[in-house]
Amino acid sequence: MSKIITMTSGKGGVGKTTTAAAFASGLALQGHKTVVIDFDVGLRNLDLVMGCERRVVFDFINVINGDAKLNQALIKDKRVENLAILPTSQTRDKDALTQKGVGKVLEQLKEDFDYIICDSPAGIEKGALMALYHADEAIIVTNPEVSSVRDSDRILGVLQSRSRRAEENLEPVKEHLLLTRYDANRVERGEMLKVDDVLEILGIPLLGIIPESQSVLKASNVGQPVILDTDSAAGRAYNDAVSRFLGETIEHRFMKPERRGLFQRLLWRTA
Amino acid sequence: MGWRKDANIKMTSATQAVLDEPRDPPAIQIRGASYTLLVLELPDPKDQTFYSRLADKIGQAPNFYRFAPVVVDLKDLADAPPFNMAEMGRRLRQHSLIPIGVQNGTPEQNKVAVDAGWTVFREGRPSLVEVGADGDKRTVETPDPQAEDTPAIETQAPPAVADSDSPDATAMVITQPVRSGRQVYAHQGDLVVLATASPGAELLADGHIHVYGTLRGRALAGVSGDTRARIFCRSLEAELVSVAGYWRVRDDIPEDLIGQPVQIFLKGERVMIEPLS
Ligand SMILES: Nc1ncnc2c1ncn2[C@@H]1O[C@H](COP(=O)(O)OP(=O)(O)OP(=O)(O)O)[C@@H](O)[C@H]1O
Ligand SMILES: [Mg+2]
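Notes on the structure in this doc start here. For every chain, the first residue of the written sequence is number 1, and numbering continues from 1 onward in sequence order. The lettering of chains begins at A and the numbering of ligands begins at 1, in the order of writing. At least 70 in pLDDT is required for a residue's local features to be given in this predicted model, at least 80 for side-chain atom pairs to be given and counted, and no such filter applies to totals for whole chains, interfaces and linings, which use all residues. Hydrogen atoms and water are omitted, and side-chain values are computed over all heavy atoms in the structure.

1. Here we look at the overall build of chain B
Cut-off, in case you're wondering: Strands here mean DSSP runs of E at least two residues long; helices mean DSSP runs of H or I at least four residues long; both are numbered from the N terminus. Relative accessibility thresholds used throughout: buried, under 20% of the residue-type maximum; exposed, over 50%; partly exposed, between the two (1.4 Å probe, protein chains only). Contact criterion: two residues are considered in contact whenever any of their non-hydrogen atoms come within 4.5 Å of each other.
Across its full length, chain B carries 4 helices and 18 strands. Taken across its 277 residues, chain B has 43% of its residues classed as buried. In chain B, the share of contacts with a sequence separation of at least 24, taken over all contacts with a separation of at least 6, comes to 41%.

See below:
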């Protein structure tokens, strides 16, 4: 049975696209046939983060409108086997995303893929609703700060009321919390919310904590999902989260600031 | 030679003002456009040989003349007795010409023409091109005065009218940068962009596309199927280029052409990219 997993947040810029790219790559690396779809019509960032922007001819909207066949629009990832990207359009109207049109494409993808990852746009408008409507599971991407947590709460409410599973009285969408851009030093200084605080407010299971890391920006600049950078803390944290998602029990790391030796403390600026 | 040029007229329907209507019907758009028409000089409507000579002339380039809109020039007939213009129109149509108007007629002749369903043109600017003798293709040549053995029937024909395999002469000119997410489409004509097109911008034209800034977005020429359309740009960094539906993505563009001034055209089914020297 293939599964539709939506990355959503309400708030913008929290790390949905980074997470969608990382999860899709991580699931594919573990042998699952995976496709990642960009629902952010008009902004279209996923193909950049996935490093396939030079190979886009047709897109999701073309497929919905019947201008292109699905396999014409799917881009096979060059590095990771079992992975495909369905980019979106930058120039077309987001009204082209219709519930029926999206549903049809997802049904077709289910025939070939184990996991269908939907990268939602920010907000709770049409694009976001389309991305979460068909979800079987949702990863709520949240930063440890008040506004992000509040928006996540909001989007959880939307999931519970406006998803297909809610409308059809099926088993509810399975929710996972992914805390991203977590800066242990700032948490320690009280500038950011603690993990426990966030968990208490949102009350959903914690899938992982992704530390704030320079390597994320570097990775997206070269179009390589950060999960492939196994030297970086963020890459390792994403790997853990994917494994947890697939059922492994792995202890959470990166919650505490790294203990630095004397030299590291003196020389941290060059680190 | 008929030539008509109107300034762009935009007429908006009155219903647009009714804001309370739940759904406004689309505004009625009427625009000006200029076309080149054939002008047929009529020396003597009673001349029995006229239509057979006309048939010969048309026989030289039947595709060129097929359904060509024609303006009948009455300048030699100011003193001629009245004649049956509707009948003349019928005979022209038998020869696959479509008379649409007259020029240089007397007020009486003009009235008869309007009654026959035609319009009245003021004399247009002549155009210095003629039908090639090679038949079907509308080739543009300099006229050869020696070749005019039938001065009574003179057709001067620039290739624009109903020449479906040539992009229209009208061009859309964009002076501002075309930003990511914007789409510009030149219907039935060329697109000229004097600035840069950003990644994520989409330039579309039924005709050619010229970009005088850097082309970073997508450019699709001949989108209605014109395989002769081309793309010209001063610096090529495009995400995708396409002519008449055939495309190349950035990954298929050789690195040594990136940043170069190039022209892009179709050769068979291949999209060719050639440096402009
Ligand atoms: N763990 C991290 N450490 C450092 N920077 C990060 C991290 N996660 C994401 N970022 C940065 O945050 C910015 C936003 O990330 P991303 O595009 O993934 O967010 P998004 O939720 O998809 O945004 P949008 O709502 O606009 O779609 C990017 O510049 C990205 O590099
Ligand atoms: Mg995003």
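After presenting the structure, the write-up continues.
2. Brief notes about the environment of Arg 248 of chain B
All names here are of chain B. Spelled out, the test is: Each polar contact in these results corresponds to two N or O atoms within 3.5 Å; when the atoms are within protein, one needs to be able to donate a hydrogen and the other to accept it, and residues that are neighboring in sequence are counted only if both atoms are side-chain atoms.
Turning to its location among the elements, Arg 248 is positioned in strand S16 (residues 246–249). In this structure the C-alpha to C-alpha distance between Arg 248 and Ile 273, which are 25 residues apart in sequence, comes to 9.7 Å. Filtering out sequence-adjacent residues up to four positions away, Arg 248 remains in contact with Glu 239, Leu 240, Val 241, Ile 253, Pro 254, Arg 270, Val 271, Met 272 and Ile 273. Among the polar contacts made by the side chain of Arg 248, one reaches the main-chain carbonyl oxygen of Val 271 at a distance of 2.8 Å.

3. Quick notes on the nonpolar core
All names here are of chain A. Our working rule: Buried Ala, Val, Leu, Ile, Met, Phe, Trp, Tyr and Cys residues that are joined via side-chain atoms within 4.5 Å together make up what is termed a nonpolar core.
One finds Ile 5, Phe 23, Val 36, Met 50, Ile 117, Ile 139 and Tyr 238 to be the most contacted residues of the largest nonpolar core, which totals 37 residues. Listing elements by their share of this core, those giving two or more residues are strand S1 (3–8), helix H1 (16–29), helix H2 (46–49), strand S4 (83–86), strand S5 (115–119), strand S6 (137–142), strand S8 (206–211) and helix H12 (233–245). Tallying contributions element by element places H1 first for this core, with 7 residues. If near-sequence neighbours (up to four positions away) are discounted, Phe 23 is found in contact with Met 7, Ile 139, Leu 207, Tyr 238, Ala 241, Val 242 and Phe 245.

4. As for the interface of chain B and chain A
How we decide: When two parts are brought into contact, each loses some accessible area as probed by a 1.4 Å sphere; the total of that loss over both is the buried area. Whenever Lys or Arg places a side-chain nitrogen within 4 Å of a carboxyl oxygen from Asp or Glu, that contact is recorded as a salt bridge. Here the nonpolar group is Ala, Val, Leu, Ile, Met, Phe, Trp, Tyr, Cys and Pro; Asp, Glu, Lys and Arg are the charged ones; every other residue, Gly included, is treated as polar.
Every contact between the two is made by 16 residues of chain B and, on the other side, 10 residues of chain A. Of the roughly 1,100 Å² buried where chain B meets chain A, counting both sides, 42% is carbon and sulfur surface. Three residues stand out in chain B for area buried against chain A, namely Arg 218, Trp 247 and Asp 251 of chain B, and they jointly supply 38% of the buried area on that side. At the junction of chain B with chain A, the criterion picks out 5 salt bridges. When its residues are assigned to classes, the side of chain B that touches chain A shows 5 nonpolar, 4 polar and 7 charged.

5. Points about the pairing of S16 of chain B
Residues and elements named next belong to chain B. To keep things clear, this is the line we draw: For two strands to count as paired, DSSP must find a minimum of two bridges between them.
Sheet topology places strand S15 (residues 240–243) next to S16; 4 bridges connect them, and they run antiparallel. Across the sheet, Val 241 pairs through a bridge with Arg 248, a residue of S16. Counting the residues that bridge the hairpin from S15 to S16 gives 2 residues, and of these Ala 244 lies at a positive phi of roughly 50°.

6. Topic: a nonpolar patch on the surface
All names here are of chain B. To keep things clear, this is the line we draw: Within the patch definition used here, like charges are joined within 9 Å and nonpolar side chains (Val, Leu, Ile, Met, Phe, Trp, Tyr) within 5 Å, considering only residues with over 30% relative accessible area and no salt bridge. The Shrake-Rupley method, run with a 1.4 Å probe, gives the accessible areas here. Residue values count only the displayed protein chains as cover.
Taken together, the side chains of Val 173, Leu 194 and Tyr 212 present a nonpolar region at the surface, about 280 Å² in accessible area. Inspection of the secondary structure assignment puts Leu 194 in the loop between strand S10 (190–193) and strand S11 (202–205). The partly exposed category is assigned to Leu 194, whose relative accessible area is 45%.

7. Considering the sheet that holds strand S9 (residues 183–186) of chain B
Residues and elements named next belong to chain B. To be explicit about the condition: Structural elements are reduced to axes, namely lines fitted to C-alpha atoms, with helices fitted over the stretch in contact, and the angle between N-to-C directions of any two is expressed from 0 to 180 degrees.
Ordered in space as S9-S11-S13-S15-S16, the 5 strands form an open sheet in which the pairing is mixed. What marks the edges here is a single partner per strand, and that holds for S9 and S16. Within the sheet, the average angular offset between the axes of one strand and its neighbour, ignoring direction, is 10°. Taken together, the 4 bridges between S9 and S11 define a ladder with parallel strand orientation. The partner of Tyr 185 across the bridge, within S11, is Leu 204.

8. Some remarks on the site of ligand 1
All names here are of chain A. Rules: Nearness is defined per residue: one heavy atom within 4 Å of the molecule or strand is enough.
Around ligand 1 there are 16 residues in total, and Lys 16, Thr 17, Thr 18, Arg 181 and Ser 213 lie nearest to it. Measuring from an oxygen atom of ligand 1, one finds a backbone N or O atom of Val 14 at 3.2 Å. Here an oxygen atom of ligand 1 sits 2.8 Å away from a polar atom, N or O, in the side chain of Arg 181. Burial of ligand 1 by the protein amounts to 82% of the accessible area it has alone, namely 620 Å². For the shell around ligand 1, the secondary structure elements donating two or more residues are H1, S8 and helix H11 (214–221). With 3 residues, H1 is the largest single contributor of residues to the shell around ligand 1.

9. A closer look at the sheet that holds strand S17 (residues 262–267) of chain B
Residue and element names in this part refer to chain B. Read across the open sheet, the 6 strands follow the order S8-S10-S12-S14-S17-S18; overall the sheet is mixed. Edge positions in the open sheet fall to strand S8 (171–174) and strand S18 (270–275), since each of these has one partner strand only. Across this sheet, the average inter-strand angle for adjacent strands is 25°, counted without regard to direction. Strand direction decides the pairing type here: S10 and strand S12 (residues 209–215), joined by 3 bridges, are parallel. What sits directly across from Val 193, in S12, is Val 211.

10. Digging into the packing of aromatic side chains
To keep it simple, the criterion reads: Only the six-membered ring of Trp is used, alongside the rings of Phe and Tyr, when aromatic pairs are assigned; centres must lie within 6.5 Å, and planes under 30 degrees apart are stacked while those over 60 apart are edge-to-face, with the rest tilted.
The full count for this structure, using the stated rule, is 5 aromatic pairs over all chains. Considering the side-chain rings of Phe 23 of chain A and Phe 245 of chain A, the 6.0 Å spacing of their centres and the 90° angle between planes classify their relative orientation as edge-to-face. You can see Phe 23 of chain A sitting in helix H1 and its partner Phe 245 of chain A sitting in helix H12, a full 222 residues away along the chain. A residue is classified by how much of its surface remains accessible, and Phe 23 of chain A, at 0% relative accessible area, is buried. Accessibility expressed as a relative area gives 12% for Phe 245 of chain A, which makes it buried. Seen in terms of ring centroids, Phe 58 of chain A and Trp 247 of chain B are 5.3 Å apart; in terms of plane orientation they differ by 85°. Their pairing is edge-to-face. Of this pair, Phe 58 of chain A sits in the loop between H2 and helix H3 (60–64) while Trp 247 of chain B sits in strand S16, on two different chains.

11. Description of the side chain of Ser 25 of chain A
Residue and element names in this part refer to chain A. Secondary-structure assignment places Ser 25 in helix H1. By relative accessible area, Ser 25 is classed as buried at 1%. Only 2.8 Å separates the side chain of Ser 25 from the backbone oxygen of Ala 21, close enough to count as a polar contact. Filtering out sequence-adjacent residues up to four positions away, Ser 25 remains in contact with Met 50, Val 80, Leu 83, Pro 225 and Ile 227.

12. Details of the pattern of salt bridges
On inspection of all chains with the given rule, the structure shows 21 salt bridges over all chains. The residue Arg 216 of chain B makes a salt bridge to Glu 237 of chain B at a minimum N-O spacing of 3.0 Å. On the criterion of sequence distance, the pair formed by Arg 216 of chain B in the loop between S12 and strand S13 (218–221) and Glu 237 of chain B in the loop between strand S14 (231–236) and S15 is long-range, its members being 21 residues apart. Beyond isolated ion pairs, a larger network of salt bridges with shared partners links Arg 54, Arg 55 and Lys 78 of chain A together with Asp 251 and Glu 255 of chain B.

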